[in-house]
Amino acid sequence: MTKTNPEQKKYRGRFAPSPSGELHFGSLLAAMASYADARHHNGCWLLRIDDIDQARVVKYSDQHILNALEQCGFSWDENISYQSQCINQYHAALQKINQTELSYSCTCSRKQLKTFSSHGIYPGLCRDKGISDIDDNKSAIRVKVPSENISFIDQIQQKYGQNLTHDTGDFIIYRRDNVFSYQLSVVVDDFYSGITHVVRGYDLLDSTPKQIFLQKILDYPQPHYAHIPLAVTEENIKLSKLSHARKVNCDLKTLVLAARFLGQGPGQGQRGLDHKDFDNKDDFWQYLITHWDINRVPKMEKQVIMY
Ligand SMILES: [Zn+2]
């Protein structure tokens, strides 16, 4: 038995789908990995609906996602939070960043940026223009990034780092269409929910240094990170709402397939998990949570799935 230090912060994990379609296999993987890791550590697992970008919200899809999760056998703690109801928190964080003088208004158009940089790295055109009027409805707000390596130890992918100056340039925290950026909102959400562990898809690995940088300037603690491989089709297309991945089946077979994708099951040299090993979904979850081992999740960017 491992003794838990009472001073140690209790594990708090989360799953944060955007309500832009049904729950598909790719998001089931993120839900499963974050859930199993949290429950294996006797932690809380929270749900957050990432609806900050209202233009992308598909009506009722939050309800469809929640129904699918419930049918799959997930159970969550506390109230479900909606980003659209947390706007004051984002405003407060933005204000705090503005006070550090690390932020500035950017009036560059997409077209302008294309001529200056072909790699999507912001060339710093507005950095020294000294425009600070953030309420003019025409400009975005960027944050000045340092020229130093920001690295962290990912619990699956191991060491990862970026020099934001070279890899991204000053990035947007408030969009010119008056929407808080994903980078800012996710950092603020995780802080206010007291998230200690973030388990999510590989596509967000290269967002993590930006988020760590924002945590530093906002004086927030840094959660642990783990990025699971992405599920792709044989044609190397990521399963996502954009690729019109179909709605996930909430049956035992699908759950077992997801657990196998995540490398779970008996040790090497033994046959993989089979849905016939389990009487029902409860039986499956009990097994997965007890035997969950994050070290067995493949250290890969992506894996092909036949689904
Ligand atoms: Zn600009």
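Because the structure is predicted, anything quoted here is derived from the model rather than measured.

A.B. asks: Help me understand the nonpolar core in this model?
C.D. replies: General note: in soluble globular proteins, nonpolar side chains tend to be found buried as a group. One finds Phe25, Met32, Phe74, Ile228, Leu262 and Phe284 to be the most contacted residues of the largest nonpolar core, which totals 47 residues. If you list the elements that add at least two residues to this core, you get helix H1 (25-40), strand S2 (44-49), helix H2 (61-72), strand S10 (224-228), helix H8 (252-261) and helix H9 (281-291). For this core, the element with the most residues is H1, which contributes ten residues. Dropping the residues within four chain positions of it, Leu262 is found in contact with Leu29, Met32, Ala33, Ile228, Trp292, Arg296, Val297 and Pro298. If you look at the next biggest cluster of nonpolar residues, it comprises 33 residues, including Cys44, Leu94, Tyr174 and Leu218.

A.B. asks: Explanation requested: the packing of aromatic side chains in the structure shown.
C.D. replies: Two measures describe an aromatic ring pair: the distance that separates the ring centres and the angle between the ring planes. Enumeration according to the criterion identifies 17 aromatic pairs in this entry. A ring pair is formed by Phe191 and Tyr192, whose centres lie 5.2 Å apart and whose planes are at 75 degrees; its orientation type is edge-to-face. We classify Tyr192 as partly exposed; its relative accessible area is 44%. Centroid distance Phe191 to Tyr220: 3.8 Å. Interplanar angle 0 degrees. Geometry classified as stacked. Linking Phe191 in helix H6 (residues 182-192) with Tyr220 in the loop between helix H7 (208-218) and S10, this pair joins segments that are 29 residues apart in sequence. Note on Phe191: relative accessible area 34%, which makes it partly exposed.

A.B. asks: Would you take a moment to explain the sheet that holds strand S3 (residues 81-82) for this structure?
C.D. replies: Sheet strands associate in pairs through backbone hydrogen bonding, adopting either a parallel or an antiparallel arrangement. What the three strands build is an open sheet, ordered S1-S2-S3; its pairing is parallel. Looking at which strands have only one partner, the edges of the open sheet turn out to be strand S1 (12-15) and S3. With two bridges joining them, S2 and S3 adopt parallel strand pairing. Residue pairing for S3: Ile49 is matched across the bridge by Tyr82. Running at roughly 155 degrees to S2, H2 makes contact with S1, S2 and S3 of the sheet.

A.B. asks: What am I meant to see in the domain arrangement of the chain here?
C.D. replies: Interfaces are often sized by the accessible area lost when the parts come together. You can read the domains of the chain as domain 1 (12-84 + 191-304) and domain 2 (88-185). Taking the mean C-alpha position of each, domain 1 and domain 2 sit 27 Å from one another. Each partner contributes to the interface: domain 1 provides 36 residues, whereas domain 2 provides 32 residues. For the pair domain 1 and domain 2, the two sides together bury roughly 3000 Å², of which 65% comes from carbon and sulfur. Sorting the residues of domain 1 by area buried against domain 2 places Lys210, Phe213 and Leu218 first, and these three jointly supply 20% of that buried surface. Linking domain 1 with domain 2 are one salt bridge. Arg175 serves as the salt-bridge partner of Asp53, at 3.4 Å between the closest nitrogen and oxygen. Summed over the shared surface of domain 1 and domain 2, the result is ten residue pairs in polar contact (both at pLDDT 80 or more). Only strand S9 (197-201), H7 and S10 provide two or more residues apiece to the side of domain 1 that touches domain 2. Counting residues per element, the side of domain 1 that touches domain 2 draws most heavily on H7, at ten residues. Taken together, the residues of the side of domain 1 that touches domain 2 break down into 20 nonpolar, eight polar and eight charged.

Quick notes on the rules
- Residues numbered from 1 in each chain as written.
- Predicted model: local features only at pLDDT ≥ 70, side-chain atom pairs only at ≥ 80, totals over all residues.
- Heavy atoms only, no water.
- Core = buried A, V, L, I, M, F, W, Y, C linked by side-chain atoms within 4.5 Å.
- Buried < 20%, exposed > 50% of the residue type's maximum accessible area, 1.4 Å probe, protein only.
- Helix = DSSP H or I, 4+ residues; strand = E, 2+ residues; numbered from the N terminus.
- Contact = heavy atoms within 4.5 Å.
- Phe/Tyr/Trp six-rings, centres within 6.5 Å; stacked < 30°, edge-to-face > 60°.
- Pairing = 2+ DSSP bridges.
- Axes fitted to C-alpha atoms, helices over the stretch in contact; angles between N-to-C directions.
- Domains from an automatic or database assignment.
- Buried area = accessible area lost by both parts, 1.4 Å probe.
- Salt bridge = Lys/Arg side-chain N within 4 Å of Asp/Glu carboxyl O.
- Polar contact = N/O pair within 3.5 Å; in protein donor to acceptor, adjacent residues only side chain to side chain.
- Nonpolar A, V, L, I, M, F, W, Y, C, P; charged D, E, K, R; others polar.

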